[in-house]
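Overview (structure and organization)
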Amino acid sequence: MTPRPLRLVQVGAGAMGRAWLRTITESPDVELVALVDLNASAATQAAADHGISGIVITDSLEDAIRRTAPEAVVDVTVPVAHSEVNITAMRAGLPVLCEKPIAPTVADARQQARVARETGRLLMTSQSRRYYRALARFREQIRALGPVGAVSTRFFKAPHFGGFREEMRHVLLVDMAIHAFDAVRYLTGRDPVAVVCRESNPPWSWFAHGANAVAVFEFADGSTYTYDGSWCAPGDETSWNGDWFVSGEHGTARWDGAGDPVLTGPPEPAHVAGSEREEIAGALEDFVDAVRTGRTPDTEVHANIVSLAMVEAAVLSAEEGRRVLLAEVLER
Ligand SMILES: NC(=O)c1ccc[n+]([C@@H]2O[C@H](COP(=O)([O-])OP(=O)(O)OC[C@H]3O[C@@H](n4cnc5c(N)ncnc54)[C@H](O)[C@@H]3O)[C@@H](O)[C@H]2O)c1
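As a starting point, this report considers the structure included with it.

Let us now look at unusual backbone geometry. Look at the link from Lys100 to Pro101: it is a cis peptide, with omega at -15 degrees. Looking at the secondary structure, you find Pro101 in the loop between strand S5 (96-99) and helix H5 (106-119). Phi at Ala69 is positive, roughly 45 degrees, even though this residue is not glycine. With respect to the secondary-structure elements, Ala69 resides in the loop between helix H3 (61-68) and strand S4 (72-75). Located in the positive-phi region is His170, a residue other than glycine, with phi close to 55 degrees.

What follows is the structure in structure tokens.
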């Protein structure tokens, strides 16, 4: 028997909020009952643009919860607002699926994790770039390589976003690199222990700070993950997932972030069937399944904090010009 759709409140109706409205209305697993934004008229407009009617639209999450008795919250607000929204939802007894990054700092994320523990509610980050069929295949290939010695990602794009990204510090590390940092944990099943990072901003940069970064992470066994990226790189651009290369004892695996990954050396491993849903639709499916079954998803807040710690440790290394242990930022 198909379970009835989970009743959802979405908070945040900005650029990414609109992508979520599309995904939520297309999903048979969920039903949108309320849309919340500090700017209620923007929420009204976003709902109308997606042909959504008959839901509660308000500027207050508490008000939406009181009026609609939802079963879960999707948080698509800006990172500095995530903590307030997520804690309000969890204290009201609701599980939360929150856009990445779960918080601007590890300390803020740890506070949210504490409330998740106290209330027993699920708090999951939507790391949408984990949900690609090709990435799942790439992980199977990496397992066939035996012990892994080195992993690298090249990320070279030239987007003109306008807005907050062009003003902020550490833009590439904080706003983008978390996707690759999180993916390397998913791909290898391991967490790094230390990082050395350098940032720069090329003379032609249209970003205020840190459009380029190169970070070398170490794992406990001495193997490495190298991230080399730029957001000011017109020319032969990589995909949005970046260009990946993995070297192991028995061969190599390579993924351009768009097509099929290529294994050289060992025989192709048997294919394990997975979900067909990708990006935020994949994250939503994973969340609904976790709420229904009580399973802990891979991007539950406690585990996801390590991806955030990779960003914070890389930023600290770039600022202070030294090797930084992840334990140092996790314990701060
Ligand atoms: N997964 C991806 O690929 C991807 C891509 C883009 C953005 N994002 C993430 O999505 C989130 C939202 O980004 P965006 O580009 O939509 O930002 P945005 O600024 O366009 O929209 C954010 C919206 O949240 C509202 N808001 C802020 N604080 C609020 C609060 N306390 N209560 C209710 N509403 C509040 C704002 O009024 C605004 O409408 C960010 O965390 C961002 O990093 C993820």
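Moving on to the pattern of salt bridges. Enumeration according to the criterion identifies 24 salt bridges in this entry. We note a salt bridge from Arg185 to Asp191, for which the minimum N-O separation is 2.7 Å. The class for Arg185 is buried, based on a relative accessible area of 10%. Across the pair Arg322 and Glu320 runs a salt bridge whose closest N-O atoms are separated by 2.7 Å. Note on Arg322: relative accessible area 30%, which makes it partly exposed.

So, on to the pairing of strand S7 (residues 148-156). Consecutive side chains of a regular strand alternate in pointing toward one face of the sheet and then the other. Relative to strand S11 (residues 243-248), S7 runs antiparallel, the two being bridged by six bridges. When the sheet's bridge partners are listed, Val151 is paired in S11 with Val246. Sheet analysis places S7 next to strand S10 (residues 224-230), joined by seven bridges and oriented parallel. Counted as the bridge partner of Arg154 is Asp228 from S10.

This part takes up the pairing of S4. Covered by surrounding structure in S4 are Ala72 and Val74 together with Val73 and Asp75, the residues of both alternating faces. Pairing analysis gives four bridges linking strand S1 (residues 6-11) to S4, with the strands arranged parallel. Bridge pairing in S4 links Val11 to Asp75. Of the pairings in the sheet, the one linking S4 to S5 comprises three bridges and is parallel in character. Note that in S5 the partner of Val74 across the bridge is Leu97.

Along the chain, Glu237 turns up in the loop between S10 and S11. A sequence separation of 81 residues divides Glu237 from Phe156, and the C-alpha atoms of the two residues are 5.3 Å apart. Apart from the residues within four sequence positions on either side, Glu237 is in contact with Phe156, Lys157 and Ala158. Side-chain polar atoms of Glu237 contact the backbone nitrogen of Ala158, separated by 3.4 Å.

Position of Thr299 among the secondary structure elements: in the loop between helix H8 (279-293) and helix H9 (301-320). Excluding residues that lie within four positions of it along the chain, Thr299 makes contacts with Leu123, Met124, Thr125, Gln127, Arg130, Tyr131 and Asn304.

Before going further, it helps to spend a moment on the site of the ligand. In the vicinity of the ligand lie 19 residues, with Ala15, Met16, Asp37, Lys100 and Ser128 positioned nearest. Here a nitrogen atom of the ligand and a side-chain polar atom of Glu99 are 3.4 Å apart. One of the side-chain N or O atoms of Ser128 is found 3.0 Å from a nitrogen atom in the ligand. Within the complex, 79% of the 860 Å² of free accessible area of the ligand lies under protein.

An order of S3-S2-S1-S4-S5-S6 is seen for the six strands of this open sheet, with the pairing classed as parallel. Taken across any chain shown, the strands that pair with only one partner, and hence form the sheet edges, are strand S3 (56-58) and strand S6 (123-126). Adjacent strand axes in the sheet meet at a mean angle of 25 degrees, parallel and antiparallel pairs treated alike. Pairing between S1 and strand S2 (residues 30-36): six bridges, direction parallel. Residue pairing in the sheet places Leu6 in a bridge with Val30 of S2.

Reading the values: rules and limits
Residues numbered from 1 in each chain as written. Predicted model: local features only at pLDDT ≥ 70, side-chain atom pairs only at ≥ 80, totals over all residues. Heavy atoms only, no water. Helix = DSSP H or I, 4+ residues; strand = E, 2+ residues; numbered from the N terminus. Salt bridge = Lys/Arg side-chain N within 4 Å of Asp/Glu carboxyl O. Buried < 20%, exposed > 50% of the residue type's maximum accessible area, 1.4 Å probe, protein only. Pairing = 2+ DSSP bridges. Contact = heavy atoms within 4.5 Å. Polar contact = N/O pair within 3.5 Å; in protein donor to acceptor, adjacent residues only side chain to side chain. Near = heavy atom within 4 Å. Areas by Shrake-Rupley, 256 points an atom, 1.4 Å probe, with all protein chains shown as cover. Axes fitted to C-alpha atoms, helices over the stretch in contact; angles between N-to-C directions.

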